[in-house]
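# Understanding the architecture of this molecule
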Amino acid sequence: MPDHDALIIGAGFAGLYQLHLLRGRGFDAHVVEAGADVGGTWYWNRYPGARCDIESVEYSYSFDPDLEQEWEWSERYAAQPELHAYARHVADRFDLRKDITFGVRITALDWSEDRREWTVTGDDGSVRTARHVIAATGCLSMPSRPDFPGLAEFAGELHRTSNWPSEDVDLTGKRVAVIGTGSSGLQTITAIAPVVGELTVFQRTPCFAVPAHNGPAQPRLAEARGRYREIRKANRLSPDGFQCHNGQIPLLDTDPAAVHAEFDRRWETGGLCFDRSFPDILTDLTANETAAEYVRSRIRAKVRDPELAEKLSPRTYPIASKRMCVDTGYYEVFNRPNVSLVDLTEQPIRWFTRRGIVAGDTEHDLDVVILATGFDAMTGALDAIDIRSGGRTLREKWARGPRTYLGLMSAGFPNLFLVCGPQSPSVLSNMLTSIEQHVEWIGTALAYLKDHDRTRMEALPENEDNWVTTTNDLANLTLMPRAASWYLGANIPGKERVFMPFVGGVGLYKQVSEGVAAARYHGFDLS
Ligand code: NA7
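Residues numbered from 1 in each chain as written. Predicted model: local features only at pLDDT ≥ 70, side-chain atom pairs only at ≥ 80, totals over all residues. Heavy atoms only, no water.

With that settled, consider the domain arrangement of the protein. On domain assignment, one finds that the protein holds domain 1 (4-142 + 376-526), domain 2 (153-208 + 319-374) and domain 3 (244-310). Domain 1 and domain 3 are separated by 33 Å when their C-alpha centres are compared. With 9 residues of domain 1 in contact, the opposing surface of domain 3 contributes 10 residues. Between domain 1 and domain 3, a total of about 590 Å² is buried, with carbon and sulfur atoms accounting for 64% of that surface. By the criterion of area lost to domain 3, the three top residues of domain 1 are Asp-53, Leu-479 and Met-480, representing 56% of everything that side buries. The tally of links from domain 1 across to domain 3 stands at 1 residue pair in polar contact (both at pLDDT 80 or more). By residue class, the composition of the side of domain 1 that touches domain 3 is 5 nonpolar, 1 polar and 3 charged. (Domains from an automatic or database assignment. Contact = heavy atoms within 4.5 Å. Buried area = accessible area lost by both parts, 1.4 Å probe. Polar contact = N/O pair within 3.5 Å; in protein donor to acceptor, adjacent residues only side chain to side chain. Nonpolar A, V, L, I, M, F, W, Y, C, P; charged D, E, K, R; others polar.)

If you check the shell around the ligand, you find 19 residues, and the closest are Thr-181, Ser-184, Arg-204, Thr-205 and Lys-322. Between the ligand and Thr-181 there is a distance of 2.9 Å, counted from an oxygen atom to a backbone nitrogen or oxygen. Contact between the ligand and Lys-322: an oxygen atom at 2.8 Å from a side-chain N or O atom of the residue. In isolation the ligand has 770 Å² of accessible area, and contact with the protein removes 85% of it. Residues belonging to the shell around the ligand are distributed by class as follows: 8 nonpolar, 8 polar and 3 charged. (Near = heavy atom within 4 Å. Areas by Shrake-Rupley, 256 points an atom, 1.4 Å probe, with all protein chains shown as cover.)

Of all 10 residues that make up helix α5 (residues 183-192), 7 are buried, and the element is covered over most of its length. Of the residues making up α5, those classed as buried are Ser-184, Gly-185, Leu-186, Gln-187, Thr-188, Ile-189 and Ile-192. (Buried < 20%, exposed > 50% of the residue type's maximum accessible area, 1.4 Å probe, protein only. Helix = DSSP H or I, 4+ residues; strand = E, 2+ residues; numbered from the N terminus.)

Attention now moves to the state of the cysteines. Tallied over the entire structure, the rule returns 1 disulfide. Free cysteine: Cys-52, not disulfide-bonded; nearest cysteine sulfur from Cys-325 at 13 Å. The buried category is assigned to Cys-52, whose relative accessible area is 6%. Considering cysteine sulfurs only, Cys-207 is the nearest to Cys-325, which forms no disulfide, with 3.9 Å between them. (Disulfide = S-S within 2.5 Å.)

Taken in spatial order, the 5 strands make up an open sheet running β7-β16-β8-β9-β12, and their pairing is parallel. Looking at which strands have only one partner, the edges of the open sheet turn out to be β7 (157-160) and β12 (339-343). Sheet twist, expressed as the average angle between the axes of neighbouring strands with direction ignored, equals 20 degrees. When strand β8 (residues 175-179) meets strand β16 (residues 368-371), the two strands line up parallel, connected through 4 bridges. (Pairing = 2+ DSSP bridges. Axes fitted to C-alpha atoms, helices over the stretch in contact; angles between N-to-C directions.)

As structure tokens, then:
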């Protein structure tokens, strides 16, 4: 018999719940985690200002009503320390730590068809066997590593938002550069600008940021506690996995004054529901441009220098085709005398020196460089593991883009489950909603196998092909693939450009994936 019924890779929000759920159903499950503590994303990304862009009452577990009632969120949008504390609380409250090995990174998975088990190797040389492996490895967990010439020469401090030191980093009065203006860059820039001496922001592509209007979690938390079941159910059937009013009337059929009023209303409310104002924003370029121009007008109103405002205004991709950011005073930071912007489209980074960065013809003298350059999204963490089955690696199979059935399994790799894998809603949704749905789907599948005396489950190639085609076709109905985004791997040199998440929404996906399970796992081979 293998060492474990299920080995779970990762003790982030997905791995913790997967362990709790499988244990509760009588499985022997064990988690292996590379970090020194639980929390996943919220363990590693502890940079200044790190904060969730979904409200806490929705970015939280729904599986235990007592947990929902007892945990006190302090802010509408929780910051990293609070999210990490929440993960730690969950681990302790459900006594999960005793089944977690910390500080070991899984390097290889090898499937034995004879024994029907995976051999799982860690970077400490440890070897475990398991009937099933569940990759709760996260969608944004493998940092991208841009190859800046001379980076190793730089004599100052170098930090990455994706792996921020646990000890205090003192930036007071220093000359600091931030490279990258996605969510991590924005949050870092906003947090450190008042502290540092000089801040130079290196921007390759400006982002669209909508205001958070963050504040105390109450009274919304108390209101949510009174009707959590209703909220969670609605979230699971919604497009995005959180509460958004999805406008039904196309922007192009709406009077311009009413369009403006609706944008104003959403801007004042704050958060990511801005792009859900009208159903054609993500499908029609003219509608999209109207929304984009609204945000640009807001940027112009916030940034005093018109030239700078223009540089901060995205013009090269449709709004919401790259992940929008949720900010608290980001644009206003550029009115500070100690903050400057380097537009990399005009002055590309040429190389690092001992003293700083040469961009265009200018050398920027720096004490600290912060890389907020993003992730090898969705596939990076799996690609980093040597996953072998039947003489083939998953890396080889996915060389032309990831292929899965429902984002849950990949044909040829039996008993390997992915939590929020490519071709599932994952990063386009509230991750907590999607994580819970996947964890429960996987738990139910393992229970079904056990109850029916089966030891092997594999996605069938023809169903996988159909699902990959379906997800690509759906994406192509929208403007999403028009941006050079990490959704399609465009941020990683050499990565095949394939739109990876399922754009059909959480609710539709739930119906399909649970329908498949109800039809005795249609499209999977169980033996
Ligand atoms: P993102 O959103 O991928 O942002 C990374 C940023 O770094 C983005 O502005 C990139 O520009 C920039 N970047 C990446 N590589 C380079 C190089 N080589 N040179 C200059 N600039 C570069 O990652 P985040 O960590 O901010 O956010 C990830 C998600 O976490 C976010 O979407 C939320 O879901 C939470 P680009 O746009 O590629 O031109």
